[in-house]
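Fold and geometry: a report
Chain by chain, the residues:
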Protein chains: 2
Amino acid sequence: MQNNEQLLSVIENYLAQTELPAEPELLYAPIGYSLSGGGKRLRPMLVMLSCGIFTDDVQQALPAAAAIEMFHNFTLLHDDIMDNAAMRRGKPSVFARWGQNVAILSGDAMLICAYRLLGGVPGHLLPQVMATFNEMALGVCEGQQYDMDFERRTKVSVVDYMHMIELKTSVLLAGAATIGATIGGAPEEDCRKLRRFALELGLAFQLQDDLLDSYGDEELGKAIGGDILEGKKTYLMVTAMSRADETTREVLRRTYRDETISNAEKIATVKTIYDRLDVPHLTEQQISLRFDRALGILDTLSVDASRTRQLRAFAESLMGRRK
Amino acid sequence: MQNNEQLLSVIENYLAQTELPAEPELLYAPIGYSLSGGGKRLRPMLVMLSCGIFTDDVQQALPAAAAIEMFHNFTLLHDDIMDNAAMRRGKPSVFARWGQNVAILSGDAMLICAYRLLGGVPGHLLPQVMATFNEMALGVCEGQQYDMDFERRTKVSVVDYMHMIELKTSVLLAGAATIGATIGGAPEEDCRKLRRFALELGLAFQLQDDLLDSYGDEELGKAIGGDILEGKKTYLMVTAMSRADETTREVLRRTYRDETISNAEKIATVKTIYDRLDVPHLTEQQISLRFDRALGILDTLSVDASRTRQLRAFAESLMGRRK
């Protein structure tokens, strides 16, 4: 199989070749714009690498890989309307550039295009792959709805939060891994294991995302504290709320809502409480737990350990870790 | 096969049984609300009746019939956001009742649920049925985009208009008929013919809808002239514009935009011009032409004429005609 860099370029080429009609322009141009906007192509990579564990002929997984990337970009397109987000990957969002109606309709077309790509899956596997894809897609919608529900709820437990990110983030990775394995001809048991692997990896990835937003390296170019300023519920915040006494909880709530203090002060106040409650360390622990579980599952597959090496390396690079 | 009334109740039962999770409520409740909001179930009826031409075992077409009805209701749900429509079938639209974000996301879930229902199609037919469904679904999106484009265009030709309604209305009926025939085991040639049949029927149906909006029977409960008051481009309007001299065209344009005259006066002025240009009669002619073509195609199928009787009766009842 090609190495990860080669695989990525195979995926990029396949996506770039996906033919879209020229007319009506306002329906199709936003799809091309959205697909060519970059992104790390994690999900199609996961399809290809999961397939590659079981067969050397990974090309047959390309349509499904592209379908999942198309689906992912569709969710971003519609999420940006719901979140009123003007920017996406450093460019104006489709919503900001073309307006709400174009974003709704071209997003719909994009979801249909994802299914059209899925139609390229070998016929005898299509019923099973489609069932996995549908459950995955509905799960992601459920996650997005819970995420919006949480914005209006004052109390969100750690368990609630983990359930939400499992749906919103992990389920898509799990679908990618399962579909890749299915197309590769994996035994059912291995498909289930790869699903668990991707669920755990997705949780580790999302928690790391939460952690880096408040404790990342400023030099990497991303501003620190965005989640705190947006008043978002993150693993850090729900963990802090679950560990704090009532007085501290009230300070956290008040600080989150306070529009009179400076950004820097708001971030500093919240992070001081996080630190006092040992939240960063607990988050690190949870990330390691999930990530180690994920890698551990790979060891239990029915294949030779050498076949999982490439997926393992990918997972490690994803988490910025080398073991 | 059951008669049309029995078929309708089989479809209603099947739709009512479609299981939706209870949570998250804001994702799934609007889907149930939307599906149970009535509607004539034309499209699933067309699936069942097209299937019934080729086999007596029409039950196997139920999942696809439900998928198409689910898809149709999804389009209505999202169209209502784009059109800012507060009412749908005499009830508040999902958009009006739950707000924009819920309408976007539950619509997305509805589209996925349509594909989930489609997964119930016999496995060996799934690739073909899914390809038909995808082309149909994209066509409907294209039609909606052209419809929105037309709102901002001053010049829309009769040909442009026919192309738009073919996509927006007929393509869905064509997909329903083709998929029903495919599941019934029809030869490819008959599938293609049923597709043409449904395209023509859809055009006849849409033109009749346009005609009745301005020339229907007030006593049937629908207010006359809604399209005129909304300034909508209809077959009547684009035909009038194509036949009028420049002076009359200017009167039509001005009247459409004029916010100072009463509703009754606006409707009367436009209809007087329609009448003078023979538009109602020309529309009737076009409806008959399309409808006769549709029925003529049924005569050319490879089956005994008796097998198309039920579909023929359905088409006639749809057009309010008994021949």
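Residues numbered from 1 in each chain as written. Chains lettered and ligands numbered in written order. Predicted model: local features only at pLDDT ≥ 70, side-chain atom pairs only at ≥ 80, totals over all residues. Heavy atoms only, no water.

1. A few points about the state of the cysteines
One pass over the structure, following the stated rule, counts 0 disulfides over all chains. In this structure A:Cys191 is a free cysteine whose sulfur lies 10 Å from that of A:Cys51, the closest cysteine sulfur available. Summary of cysteine pairing: B:Cys141 is not part of a disulfide, and the nearest cysteine sulfur, belonging to A:Cys113, is at 8.6 Å. (Disulfide = S-S within 2.5 Å.)

2. Remarks on the interface of chain B and chain A
Every contact between the two is made by 41 residues of chain B and, on the other side, 41 residues of chain A. Of the roughly 3,600 Å² buried at the junction of chain B and chain A (both faces included), carbon and sulfur atoms supply 72%. By the criterion of area lost to chain A, the three top residues of chain B are B:Leu105, B:Ile112 and B:Leu138, representing 17% of everything that side buries. Put simply, chain B and chain A have 2 salt bridges between them. Here B:Arg116 makes a salt bridge to A:Glu135, at a shortest N to O gap of 3.4 Å. For the pair chain B and chain A, the interface holds 8 residue pairs in polar contact (both at pLDDT 80 or more). Elements with a contribution of two residues or more to the side of chain B that touches chain A: helix 2 (25–35), helix 4 (62–82), helix 6 (100–118) and helix 7 (126–152) of chain B. For the side of chain B that touches chain A, the leading source of residues is helix 7 of chain B, giving 15 residues. Partitioning the side of chain B that touches chain A into residue classes produces 26 nonpolar, 8 polar and 7 charged. (Contact = heavy atoms within 4.5 Å. Buried area = accessible area lost by both parts, 1.4 Å probe. Salt bridge = Lys/Arg side-chain N within 4 Å of Asp/Glu carboxyl O. Polar contact = N/O pair within 3.5 Å; in protein donor to acceptor, adjacent residues only side chain to side chain. Helix = DSSP H or I, 4+ residues; strand = E, 2+ residues; numbered from the N terminus. Nonpolar A, V, L, I, M, F, W, Y, C, P; charged D, E, K, R; others polar.)

3. Here's the deal with the packing of aromatic side chains
All chains considered together, the criterion is met by 12 aromatic pairs over all chains. Between A:Tyr146 and A:Phe150 the ring centres are 6.4 Å apart and the planes differ by 40°, which places this aromatic pair in the tilted class. Residue A:Tyr146 and its partner A:Phe150 are located together in helix 7 (residues 126–152), separated by 4 residues, close to a single helical turn. Grouping residues by exposure puts A:Tyr146 and A:Phe150 together as buried. An aromatic cluster of at least three residues, connected via ring pairs, comprises A:Phe71, A:Phe74, A:Tyr115, A:Phe133, B:Phe71, B:Phe74, B:Tyr115 and B:Phe133. The residue whose ring lies beneath A:Lys271 is A:Tyr215, and the NZ or CZ to ring-centre distance is 4.5 Å. (Phe/Tyr/Trp six-rings, centres within 6.5 Å; stacked < 30°, edge-to-face > 60°. Buried < 20%, exposed > 50% of the residue type's maximum accessible area, 1.4 Å probe, protein only. Lys NZ or Arg CZ within 6 Å of the ring centre and 35° of its normal.)

4. Some details on unusual backbone geometry
With omega at -10°, the peptide bond leading from A:Glu23 into A:Pro24 counts as cis. Tracing the sequence through the fold places A:Pro24 in the loop between helix 1 (4–17) and helix 2 (25–35). The phi torsion at B:Asp278 lies on the positive side, around 65°, for a residue other than glycine.

5. Considerations on the relation of the copies chain B and chain A
When chain B is fitted to chain A, the best match, at an RMSD of 0.0 Å, comes from turning it 180° and sliding it 0.0 Å along the axis. Taken together, the turn and the small shift mark the pair as related by a two-fold rotation axis. When the interface residues of chain B are mapped onto chain A, 100% of them are again interface residues, pointing to one common binding face. (Least-squares fit on C-alpha atoms with pLDDT ≥ 70 in both.)

6. Observations regarding the side chain of A:Asn134
Among the secondary structure elements, A:Asn134 is positioned in helix 7. On the basis of relative accessible area, A:Asn134 is assigned to the buried category, the value being 2%. In this structure, A:Asn134 is in contact with A:Tyr115, B:Ile112, B:Tyr115 and B:Arg116, ignoring residues within four places of it in sequence.

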